[in-house]
Amino acid sequence: MLCRFDGRSRLLVRSLLCGTSGALKALDVFHRQQRVDPDMSLSSFLDTLCQDEVTCSVAGARPLTVRPLVCLFPALFKQNLLSFIYLVHSLLPRTPVLNLLKCLEQDHHSSPWVVALVRQLNRVLGDHNDPPLYTLLCSQRLEALAQRSVSFGETAGWAVCFRNPTVESDSPHEPGLSEVATKRKRKASSVTVDSDCEEMEQERKRKKMEVRASECHKVDQWGANEIAGSSKSEAAAETLCDKLQLQQDGPCDALPEHLKWDRISMQVVEVLNHCDPGQVVVLCSMLSLPDLPEQTLPNLCSSILAPAIDFSYSTTATLIKSLLLQKVLSLSEPASRCLVTAVTSLCSRYPRPTCDALIGPVLEEKDIGNLQAELLNRLIEGCLDSHYKLLVLQMTFTISWSEAVLSVIHSLLDSKLDFSEELFTQFSEQLLSQGSQFPKSVKFAKIMLTVLTKYNSHVTAAHKQSLQGCLMENETFLKKSLQVALKRISHA
């Protein structure tokens, strides 16, 4: 169902699905989106929820039915959605909200909370209907409670409900008690209990007002305390983001960025270790990991490589892509020591995610140069085992080669790859199909020479014919050496 929503709306939906604090989490996401785009509107979000969806039962016994999309979500989502709308209804267009309420009124499986919230929102929005907020069963219970609050035809207030039952049960068996004494006892008890109740009610209202006044500014902290066990990783992620924001905006604003991150890097990693892939993406975006200065990388990477941390493949791939990819692609000078240390340390611990999330995307970029190739060559020579080097070589089969890619391929071949017959055939086909672009390239000629000398045992009769075609187009000073190397293979 999430695919029905755009990117911003999808974040709201994810927040509303996060347990009992979903409304507050959605409120925080909404405020963040407003800060980025003050003119944003939730009309498309509300309209999508009202779209009709064709549904059927799992068993298939019931016929197909058409229901609004919002009715397909669980009851807790609907409750969080209505609570969120109640908090921000003054900022929302009235018509889409009323349409959403009508859709929810059509749902015959709504919980009493959802029914009550729909009616309350109709009251707030000034709809012509003004039904009671309670159900028939609730009405009967209220009447029974009201009858209990009345004693012998006299209204003694709600305080009677809080009386000690033993005192009330003994009173009918004391006919000798004077009426005046009974009334005095009742008045004294009523006054005492009523005053206590009033004080308790005032204290409760005061606490509610304090919570409401502070919830817009401390949503994450309040929510983290409320949702224990419902969505720990995502709540902790948002709390951590707010902590980082406070450190950036607080009295330590003059500190360098890497010193701020020294304080929270381990907390970031611990939260990531308990996040699912979707939450990792959200957390990396909220923390602006692609924009972190390179001085923060060593400390953050040391936290990632801590013995107690064991990231999954998807978490590691997302983290490496967010943290390193943009920095590598934007290199305009040789990689700094901090960046090289971070890349090599993560590649040594997590080689497969590094190949998929960093090396592969860098090779796919058309504008990479010698600086990126030099960094990749460091990883190939110092961090990757033979089977990962073969994986990187296979990645080059799906892209158009450039001088930088040729440098990476030559580095791979120099490490003495363990080719299979099938893989070597695929590689020779690539040499033939892409070699026409490099008739004057010395790097391509060196690749050919390496193939004909170090890997001559893999060259078959079919390979020799295709390689001969590559040599005919070569115009470099290595052409004669290539021809000699090929003739030696032919006489083998």
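Residues numbered from 1 in each chain as written. Predicted model: local features only at pLDDT ≥ 70, side-chain atom pairs only at ≥ 80, totals over all residues. Heavy atoms only, no water.

**Q** Run through the packing of helix α4 (residues 75-88) against helix α5 (residues 94-105), naming residues and quoting values.
**A** At a minimum axis distance of 12 Å, the contact between α4 and α5 shows a crossing angle of 155 degrees. Overall, the two elements α4 and α5 adopt an arrangement that is roughly antiparallel. Judged by the sense of rotation from one axis to the other, the crossing of α4 with α5 is left-handed. Listed contacts from α5 to Lys78, Leu81, Leu82 and Ile85 of α4 are Val97, Leu100, Leu101 and Leu104. Residue classes in the contact of α4 with α5 are distributed as seven nonpolar, no polar and one charged. (Axes fitted to C-alpha atoms, helices over the stretch in contact; angles between N-to-C directions. Helix = DSSP H or I, 4+ residues; strand = E, 2+ residues; numbered from the N terminus. Parallel < 35°, antiparallel > 145°, perpendicular 65-115°, else oblique. Left-handed = near helix turned anticlockwise from the far one by under 90°. Contact = heavy atoms within 4.5 Å. Nonpolar A, V, L, I, M, F, W, Y, C, P; charged D, E, K, R; others polar.)

**Q** So what about the nonpolar core? Which residues, and what values?
**A** Among the nonpolar cores identified, the biggest contains 87 residues, and Leu324, Trp401, Phe427 and Leu431 are the most heavily contacted of them. Contact partners of leucine 431, with chain neighbours within four places excluded, come to Trp401, Phe444, Ile447, Met448, Val451, Leu467 and Cys470. Cys50, Phe77, Leu100 and Leu125 belong to the second-largest nonpolar core, a separate cluster that totals 36 residues. (Core = buried A, V, L, I, M, F, W, Y, C linked by side-chain atoms within 4.5 Å. Buried < 20%, exposed > 50% of the residue type's maximum accessible area, 1.4 Å probe, protein only.)

**Q** Break down the pairing of strand β1 (residues 52-55) for me, citing the residues and quoting the values.
**A** Side chains Glu53 and Thr55 of β1 all project onto a buried face; the interleaved residues Asp52 and Val54 project onto a face where none is buried. The pairing of β1 with strand β2 (residues 65-68) spans four bridges and is classified as antiparallel. Residue aspartate 52 lies in a different strand from β2, and its bridge partner there is proline 68. (Pairing = 2+ DSSP bridges.)

**Q** Go over the packing of aromatic side chains, please, and point to the residues and values.
**A** What characterises a pair of aromatic rings is the spacing of the ring centres plus the angle enclosed by the ring planes. All told, the structure shown has nine aromatic pairs when counted by the stated rule. Measuring from ring centre to ring centre gives 5.4 Å for phenylalanine 419 and phenylalanine 424, while their planes differ by 80 degrees; the resulting arrangement is edge-to-face. Residue classification places phenylalanine 419 among the buried positions, given a relative accessible area of 5%. Assessed through its relative accessible area of 2%, phenylalanine 424 is described here as buried. Ring pairs connect the aromatic residues Phe397, Phe419, Phe424, Phe427 and Tyr455, which therefore count as one cluster. Over the face of the ring belonging to tyrosine 455 we find lysine 416, whose NZ or CZ atom lies 4.8 Å from the ring centre. (Phe/Tyr/Trp six-rings, centres within 6.5 Å; stacked < 30°, edge-to-face > 60°. Lys NZ or Arg CZ within 6 Å of the ring centre and 35° of its normal.)

**Q** Lay out the pattern of salt bridges in plain terms, naming residues and giving numbers.
**A** Evaluation of the coordinates by the stated rule reveals six salt bridges. Between lysine 454 and aspartate 414 there is a salt bridge, with the nearest N and O atoms lying 3.4 Å from each other. Of the two residues, lysine 454 sits in helix α22 (residues 442-454) while aspartate 414 sits in helix α20 (residues 403-414), which places them 40 residues apart along the sequence. Lysine 454 sits in the partly exposed class, given a relative accessible area of 34%. Taking relative accessible area as the criterion, aspartate 414 reaches 38% and is therefore assigned partly exposed. Each member of the salt-bridge network shares a partner with another, and the members are Arg67, Lys78 and Asp107. (Salt bridge = Lys/Arg side-chain N within 4 Å of Asp/Glu carboxyl O.)

**Q** Talk me through helix α15 (residues 313-329); I want residue IDs and the actual numbers.
**A** Along an α-helix, residues three or four positions apart point the same way, because every turn accommodates 3.6 residues. Given a rise of 1.5 Å per residue, 17 residues ought to cover 24 Å, and the 22 Å separating the end C-alpha atoms of α15 matches this to within 8%. The sharpest bend along α15 comes to roughly 35 degrees, located at lysine 321. With 12 of 17 residues buried, α15 lies mostly within the body of the structure. Buried within α15 we find Thr315, Thr316, Ala317, Thr318, Leu319, Ile320, Ser322, Leu323, Leu324, Leu325, Lys327 and Val328. (Expected span 1.5 Å × (residues − 1). Bend = angle between axes of the 7 residues up to and from the residue.)

**Q** Mind laying out α20, listing which residues take part and the relevant values?
**A** Under the 1.5 Å per step criterion, the end-to-end length of α20 is 17 Å for 12 residues, consistent within 8% with the ideal 16 Å. Across the 12 residues that make up α20, a large majority, nine, are buried. Within the span of α20, buried status applies to Ala404, Val405, Leu406, Ser407, Val408, Ile409, Ser411, Leu412 and Leu413. Following α20 by one or two positions, lysine 416 has its phi on the positive side, about 60 degrees.

**Q** Help me get a handle on the environment of isoleucine 399, residues and values and all.
**A** Structurally, the position occupied by isoleucine 399 is in the loop between α19 (386-395) and α20. The class of isoleucine 399 is buried, set by a relative accessible area of 13%. Measuring from C-alpha to C-alpha, the distance between isoleucine 399 and glutamate 365 comes to 9.1 Å, with 34 residues separating the pair along the chain. What isoleucine 399 contacts, discounting residues up to four positions off in sequence, is Leu363, Glu364, Val405 and Gln434.

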